[in-house]
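# Coordinates in review
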Amino acid sequence: MDKFKFQAKLIMENKLNFIHPWDMERCDEIYDIPKNWNISPNGDDEWVYMRSRMGYFDGLILLYEETKDIKYIDKIKEIILDFISQHKKLKSEKSTRTLDSGIRIVNILRILIYLEDKNLEYDKNILKHLSETCTYLFSNYISKYDQSNWGFIQMAGVYTFSIYFKENEKAKKALKYLKMQLKTQILEDGLHWEKSLTYHYQMIIYLIFIIYVQKRKNIKSNLNFFKSYLNKMTKAAKKLHYPDKTQINFGDSDDNEIESILALSDYILSKESEYKLTDISSLFIKEAKVKKMEVKKGLEESLFQQSGYYHIKNEYFSFSTYCTAMSSSHTHIDYLHFNYYNKQKIFVDSGRYTYRESKQRKYLKSIKAHNSILIDDNEVSEIKGSWEYEGYPIIFPITVYSTKIARIVKTAIFDTKNQAVIKRTYIILKENILVINQVFCKGKHKIKFFYHLYPNTDIKETKSGILLNNVVKFLINSYNIQNSTYSPYYNCLVINKEIVKEADFLDNYFEINAILNKDVQIKQVAVYQKEKKVEDDIALAYEIKIQDITYTIFIKNKEVYKGQKVFHVKGRPFYEEIKIVKDR
């Protein structure tokens, strides 16, 4: 809580930074607060948007609770009334952007509820302003908000204010929008269609607040409707975080701790929880309590077929991959990307950093910033700006099938610009991953592979592979290790390392990389057809030893459509595209 108290002390000196883990666009840098609400001290309009949302009152409440000094409450009122005095007539400008206006309603409403609970007075002009803000949001609602988190968050502000202060007509109108937005935006697999977990969680936060206000006012109508969507979205979110309770940061997302949100969701849904309420949770809903649920240990596997995500994890291991169709411009060019966690993050998504038009923004959205594949330095989805693309590949659905021994995950795209089929198949054998890369593209071409490592990953190059964190070895030939950039959250950029491989090929390219626990042994073994050894581009096989068990993995790279179609490895017949067997 100290960082919130420090922020509050800054505010008392008319200085500000944005440090809440739930903030959409954080900014650690401290700036003097401009008198004009439309001025950004760092040149990024997001600073104006963050300031106008008023999500920074928690520390002032904490200091008031600690000292009982009314000056902290007075400072909150001063900020709100200053905004009102400079926005007597609401009009479209940076400080009144519709998304931020909806968030501001919620944050001011939270303060009004607190003041009522403490029997502290507030200026009734605040209610008048909030009512006018609701009207302003209705007047400026446009059709694209039907499909955007913007629309839902705006209407969450209007709805909660209106039901709390009994502005029934506004509440009815907002409810109609909210119902339509949830039905439109939440996919059958439970994820928000914009494919950014940061914004998925923002939707969860405002759903929690809607249910909280309804319960507080004892309004039972539509409660089950909102609960059903919160339950659906929370279930999906629980399947897409690392063992350390941080979210997988696909699309425009950050490397956020999400335990506080998931625990709050379980609380508001009256469920036991495997997640702990944190200090941050209590800032949002002070009275929140959850009963701890015993967690069953073991592998949990999730395929989000509609969204295009796959994840498998246990208490110390996680592997995920993406192959998603285009949705909103929060989507990155991250198809065929994967993440790998073994006791800590190792192979990662590079994050978002900024929404400003810049080389860094374009880079972090590109294939090069993901663990993916690029042909001829020619991205099929050219990034025209912060929010625009030119082109997108044809995406094939992720397919998964399991055996008693392993899981096989298949991803593929058709690169329409380069006229190439790119397939990436993963064989998951305990915490060990074989990455099978296949490219089919007529003519002479160059191919690049990018593998991004989490900042401060320990790297040792050995004869048996690249040893990472003294935990796993990465098997790849003819590579370079170079500096890259990683963004843990908005406005924060750090140096990391990436492994890059380049190669030339004619018509097709095939390569297998492997991520193996450091004590796992692997070697290639011969594949025969009619007693004749076959070339690797047709089929190949590996012997892999994990602890005391040896497995044989057979991989067929080309379809055999003439003559005998059976291959033999170590005297054993194989004919499937991929087959994993335990040696006798």
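Look above for the structure.
What counts, and at which threshold
Residues numbered from 1 in each chain as written. Predicted model: local features only at pLDDT ≥ 70, side-chain atom pairs only at ≥ 80, totals over all residues. Heavy atoms only, no water. Buried < 20%, exposed > 50% of the residue type's maximum accessible area, 1.4 Å probe, protein only. Helix = DSSP H or I, 4+ residues; strand = E, 2+ residues; numbered from the N terminus. Pairing = 2+ DSSP bridges. Phe/Tyr/Trp six-rings, centres within 6.5 Å; stacked < 30°, edge-to-face > 60°. Lys NZ or Arg CZ within 6 Å of the ring centre and 35° of its normal. Axes fitted to C-alpha atoms, helices over the stretch in contact; angles between N-to-C directions. Polar contact = N/O pair within 3.5 Å; in protein donor to acceptor, adjacent residues only side chain to side chain. Contact = heavy atoms within 4.5 Å.

In this section: the pairing of strand S13 (residues 420–429). Within S13, eight of the ten residues are buried, which leaves the element mostly enclosed by the surrounding structure. In terms of strand pairing, S13 meets strand S14 (residues 432–452) through nine bridges, oriented antiparallel. What sits directly across from lysine 423, in S14, is glutamine 438. What sits between S13 and S14 in their antiparallel hairpin is a turn of two residues, with lysine 430 showing a positive phi close to 60°.

Before going further, it helps to spend a moment on unusual backbone geometry. We note that asparagine 14 has phi near 60°; this positive angle belongs to a residue other than glycine. Look at asparagine 14 and you get partly exposed, because its relative accessible area is 40%. One non-glycine residue, asparagine 119, lies in positive phi territory at about 55°. Its place among the elements puts asparagine 119 in the loop between helix H5 (98–117) and helix H6 (125–139).

Taken as a whole and assessed by the stated rule, the structure comprises 38 aromatic pairs. Taking 6.1 Å as the distance between ring centres and 70° as the angle between the ring planes, the aromatic pair formed by phenylalanine 347 and tyrosine 451 counts as edge-to-face. Taken together, the residues span a long stretch of sequence, with phenylalanine 347 in strand S7 (residues 345–347) and tyrosine 451 in strand S14 at a distance of 104 residues. Here the aromatic cluster, defined as three or more aromatic residues joined through ring pairs, consists of Phe319, Phe338, Phe347, Tyr426, Tyr451 and Phe474. Sitting over the ring of phenylalanine 138, lysine 173 keeps its end group 4.5 Å from the ring centre. The ring of tyrosine 164 has lysine 217 sitting right over it, with the charged end atom 4.4 Å from the ring centre.

Further remarks concern the sheet that holds strand S27 (residues 578–582). Strand order across the open sheet formed by four strands is S20-S23-S24-S27, with antiparallel pairing between neighbours. Strand pairing shows two members of the sheet lacking a second neighbour, strand S20 (521–525) and S27, which therefore form its edges. For this sheet, the mean inter-axis angle between neighbouring strands, taken without regard to orientation, is 20°. Sheet topology places S20 next to strand S23 (residues 539–546); five bridges connect them, and they run antiparallel. Bridge pairing in S23 links isoleucine 522 to isoleucine 544.

Okay, the pairing of strand S17 (residues 472–475) next. In terms of strand pairing, strand S16 (residues 465–468) meets S17 through three bridges, oriented antiparallel. Residue pairing across strands places leucine 467 opposite lysine 473, the latter belonging to S17. Turn length for the S16-S17 hairpin, with the two strands adjacent in sequence and antiparallel, is three residues, and the turn residue asparagine 469 shows positive phi of about 55°.

When you line up the elements, glutamine 185 lands in helix H8 (residues 168–185). Its relative accessible area of 0% is what places glutamine 185 among the buried residues. One polar contact links the side chain of glutamine 185 to the main-chain amide nitrogen of asparagine 149, over a distance of 3.5 Å. Beyond its immediate stretch of four places on either side in the chain, glutamine 185 contacts Tyr145, Asp146, Gln147, Ser148, Asn149, Phe152, Leu191, His192, Trp193 and Met203.

Helix H3 (residues 58–67) sits mainly inside the fold: seven of its ten residues count as buried. Where the residues of H3 are buried, they touch helix H1 (2–12), helix H4 (71–86), H5 and helix H12 (279–284).

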